[in-house]
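# Observations on chain architecture
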Amino acid sequence: MYKNKKTGMIGIIITIVVLILVVILSNIDLQEIPYMENIFSSIVMPIQNGLTHLKNKIAGNDSFFTDIETLKQENEELKKKNSELEQSLRELEIIKAENDTLKDYVNLTDKYLEYKTVPTYIINRDINNYTKTIIINVGEKDGIKPDMAVIADKGLVGYVISTTQNTAKVQTIIDTATSVSSVISTSREAIIVSGTLESSSILKASYIPTEATILENDNVETSGMGGIYPKGIHIGTIKQIVNTKNNIDRYAYIETAVDFEKLETVLVITKEK
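What you see as residue numbers is a count from 1 along each chain, following the sequence as written. Given that the model is predicted, a residue must reach a pLDDT of at least 70 before its local features are reported, and side-chain atom pairs must reach 80 or more before they are shown or counted; all residues, however, enter totals for whole chains, interfaces and linings. No hydrogens and no water enter the side-chain calculation; it runs on all heavy atoms of the structure.

### A look at the overall build of the chain
A helix here means a DSSP run of H or I that spans at least four residues, while a strand means a run of E at least two residues long, and both kinds are numbered starting from the N terminus. Scanning the chain from terminus to terminus reveals 2 helices and 12 strands. Going from the N terminus to the C terminus, the chain shows its helices and strands as α-α-β-β-β-β-β-β-β-β-β-β-β-β. A total of 273 residues make up the chain; the buried ones form 31% of that total. The contacts of the chain with a sequence gap of at least 6 include a subset with a gap of at least 24, amounting to 55%. The buried label applies to any residue whose accessible area, calculated with a 1.4 Å probe on protein chains only, is under 20% of its type's maximum; exposed applies above 50%, and partly exposed to all values in between. The criterion used for residue contact is that any of the two residues' heavy atoms lie within 4.5 Å.

Spelled out as structure tokens, the structure:
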């Protein structure tokens, strides 16, 4: 430690001496003492060159820090513009979704011209193993009443079970508490269709007449019996027939025409025209 202090003192002394020499030599007319000019060039010029290099380096660092600040500002501006673009994109997506909803309304209304309907969309859903209901954004003020049928572009959805002033609850055909009087499109055989616990897209067809001819891929539609569902609304397609020892107990599985997991827009049938 003592050695380091000693070395440091020597360095300070040498520095002081060199600076004194620089001052002295700077004030001497070197043209009058030719050999001093060589001494000046040998001693002072390296020092001046070193100081100049140091100055330039510091100046370069100042420029570097200035560039950093500029880049920071540009980065913040880019972030702001990116945020504005993302907001515009979200607004465009909302507009597109609204346009798609309007198109669905028009398509639905055109498809079911024989009925007087109220277009609406789903605002909530409760689809689980025990209950399968949806909430729509129309209610008593729109003329909606319990037991009105609800349909979608692909087919039957369910029926209204309760209403408020502005909303209605719909029990879907995939609910196990729902039974729909139906017919097989090709043979016109009457069957009863109900929801299952297994899936939100599979119905069970039961009470199939013993003499009825039932085939896979047969279409199933509403029979018009029961006072809720109009006749001829598409329900789904037979996907599997399960035969039992007693032909009277056989049943079938039907895949719903409506995809209830993606369902957004529906029509409430208020009455037939």
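### Regarding the nonpolar core
Membership of the largest hydrophobic core comes to 44 residues, with the highest contact counts inside it found for Ile136, Val157 and Ile173. What Val157 contacts, discounting residues up to four positions off in sequence, is Ile134, Val150, Ile151, Ala152, Gln171, Thr172, Ile173, Val258, Phe260, Leu263 and Val266. Side-chain atoms within 4.5 Å are what join buried Ala, Val, Leu, Ile, Met, Phe, Trp, Tyr and Cys residues into a set we call a nonpolar core.

### Quick look at the confidence of the model for the chain
Per-residue confidence for the chain gives a mean pLDDT of 78; residues scoring 70 or more make up 68%. Within the chain, no element has a lower average pLDDT than helix H1 (residues 2–26), which sits at 59, and none a higher one than strand S4 (residues 156–163), at 96. Across the chain, each position has a pLDDT score giving the predictor's confidence in that residue, from 0 to 100.

### Details of the packing of aromatic side chains
Ring pairs shown here join Phe, Tyr and Trp side chains whose ring centres sit within 6.5 Å, with only the six-membered ring taken for Trp; geometry is labelled stacked below 30 degrees between planes, edge-to-face above 60, and tilted in between. Applying the stated rule across the entire model yields 2 aromatic pairs. On the numbers, 6.2 Å between centres and 85 degrees between planes, the contact of Tyr159 with Tyr229 is edge-to-face. Here Tyr159, found in strand S4, pairs with Tyr229, found in the loop between strand S9 (219–222) and strand S10 (234–242); they are 70 residues apart in sequence, far enough to count as distant. Note on Tyr229: relative accessible area 7%, which makes it buried. Residues Tyr251 and Tyr253 carry aromatic rings whose centres are separated by 5.7 Å and whose planes lie at 85 degrees to one another, so their mutual orientation is edge-to-face. In this structure, Lys204 packs its charged tip against the face of Tyr251, placed 4.5 Å from the ring centre. Placement of a positive charge over a ring is assigned whenever Lys NZ or Arg CZ falls within 6 Å of the ring centre and within 35 degrees of the normal to the ring plane.

### Description of the pairing of strand S2 (residues 132–136)
Of all 5 residues in S2, 5 are buried; the element is thus mostly enclosed. Alternating residues of S2 divide into Lys132, Ile134 and Ile136 and Thr133 and Ile135, and every residue in both groups is buried. Note: two strands are recorded as paired if DSSP finds a minimum of 2 bridges between them. Here 5 bridges tie strand S1 (residues 115–127) to S2, and the two strands are oriented antiparallel to one another. The residue bridging Asn124 from the neighbouring strand is Ile135, located in S2.

### A short note on the pairing of strand S11 (residues 251–256)
Along S11, the buried face is formed by Ala252, Ile254 and Thr256; none of Tyr251, Tyr253 and Glu255, which line the opposite face, is buried. The sheet contact formed by S10 and S11 spans 6 bridges and is antiparallel. Each bridged residue has a counterpart across the sheet, and for Gly236 the counterpart in S11 is Thr256.

### Some thoughts on unusual backbone geometry
Backbone geometry at Asp147 places phi at a positive 75 degrees, although glycine is not the residue there. When you line up the elements, Asp147 lands in the loop between S2 and strand S3 (149–151). Its relative accessible area of 45% is what places Asp147 among the partly exposed residues. Despite not being glycine, Tyr207 has its phi angle at roughly 55 degrees, a positive value.

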